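Descriptive analysis of the structure
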Amino acid sequence: MKRKKSETIHKKSRWSNYSRSDKIFLIAVYAILISLTLICLYPLYFTVIASVSDAHSVYRGEVNLFPKGFTMAAYELVFQNKSIWRGYGNTLFYTIAGTAYNMFLTLPAAYALSKKRMYGRGVLTVLFLITMYFGGGLIPSYILYTNLNLINTRWVLIIPAGLSVYNMIVTRIYFQNNIPETLYEAARIDGASEFSIFFKIVLQLSGPIIAVIALYYAVEHWSSYFSAMVYIRDTKLQPLQVVLRNILILNESAYQDALQASDATAETIENAAKQAYMALTMKFSLVFIASAPMLAIYPFVQKFFVKGIMIGSLKG
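**Description of the overall build of the protein**
A tally of helices and strands in the protein yields 14 helices and 0 strands. Mapped in sequence order, the helices and strands of the protein form the string α-α-α-α-α-α-α-α-α-α-α-α-α-α. The long-range fraction of contacts in the protein, counting pairs at least 24 apart against all pairs at least 6 apart in sequence, stands at 72%. Here the protein has roughly 19,700 Å² of accessible surface; of this, 66% comes from carbon and sulfur atoms.

See the structure below:
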């Protein structure tokens, strides 16, 4: 208790040492930071309250700060829809397998290019950098993947996205700045090979950057949908994002068809409207369910995030 009181008194005395202009500046900074935090958190909060609100109220824009007409109907429909769970499983597979494949390529490439004594290091770095600014385009890529028999397979979303040059460069600079050359020399004197140095020394000392880069890759795979729309036609292989898009488009088109049908009855139009409204609340419930794994993982990686990125982003 005495310690807490002393800390409180110390904070008050420190605050009293600030000038009036400094106090105004600090209050303004805190107000701006709190406002930005609320702005960033509100979309997630709105997603949650909209997913448990009455579908018609959400459609009319009546849900702002609190749920209206509390219901779990959207989540019940999500749990009953087999295509959604199949898409969820596909997304998990693409994220886990894709991230593992990305790390398998990124870490050794970054380690090799971090060696200043490596022959052709500058040329290889330039070749990697060129791919950041120039690409073949969608049509040549589609032709290439067709010739490689990757179209309409799971691997079309994993193999072509094997390496991010930006992530590789950040990892390379981390290796250069945090692992001293003397440690490599000592390992070589003890008879360690490059593979032993990489697995037993480099990876053991690079936890922060490995966690950060793995998170980058995982979020990229988890949020990806355009490639699946272009390269995968089999509904059994489509990720959750594409499944969600298809559900929304089908429900919306069904509503429009019901309105335009010449023999449409009031009951038919009402049922189609309810289906379209429910699709909207299902969208919010799916967004929350789809975001939950990334939100759950981030707190465990956050402690490495600042250290890994700040050190890995320094010019090497």
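**Topic: the nonpolar core**
The nonpolar side chains of a soluble globular protein tend to be buried, and buried together. Y111, M168, F175, Y184, I197 and V202 are the most contacted members of the largest nonpolar core, which totals 21 residues. Only α5 (82-113), α8 (165-178), α9 (181-189), α10 (194-202) and α11 (207-223) provide two or more residues apiece to this core. Tallying contributions element by element places α5 first for this core, with 6 residues. Contacts of F175, omitting those with residues within four sequence positions, involve L107, A110, Y111, S114, Y184, V202 and S206. Of all hydrophobic cores here, the second largest spans 17 residues; its members include I84, L240, V243 and I247.

**Concerning the packing of α5 against α11**
Packing of α5 against α11 leaves a shortest axis separation of 8 Å and a crossing angle of 140°. Of the possible angle classes, the one that applies to α5 and α11 is oblique. Seen along the crossing, α5 lies across α11 with a hand that is right-handed. Two secondary-structure elements touch here, α5 through Y88, T91, L92, Y94, T95, G98, T99, N102, M103, T106 and L107 and α11 through I210, I213, A214, Y217, A218, H221 and W222.

Rules used in this analysis
- Residues numbered from 1 in each chain as written.
- Predicted model: local features only at pLDDT ≥ 70, side-chain atom pairs only at ≥ 80, totals over all residues.
- Heavy atoms only, no water.
- Helix = DSSP H or I, 4+ residues; strand = E, 2+ residues; numbered from the N terminus.
- Contact = heavy atoms within 4.5 Å.
- Areas by Shrake-Rupley, 256 points an atom, 1.4 Å probe, with all protein chains shown as cover.
- Core = buried A, V, L, I, M, F, W, Y, C linked by side-chain atoms within 4.5 Å.
- Buried < 20%, exposed > 50% of the residue type's maximum accessible area, 1.4 Å probe, protein only.
- Axes fitted to C-alpha atoms, helices over the stretch in contact; angles between N-to-C directions.
- Parallel < 35°, antiparallel > 145°, perpendicular 65-115°, else oblique.
- Left-handed = near helix turned anticlockwise from the far one by under 90°.

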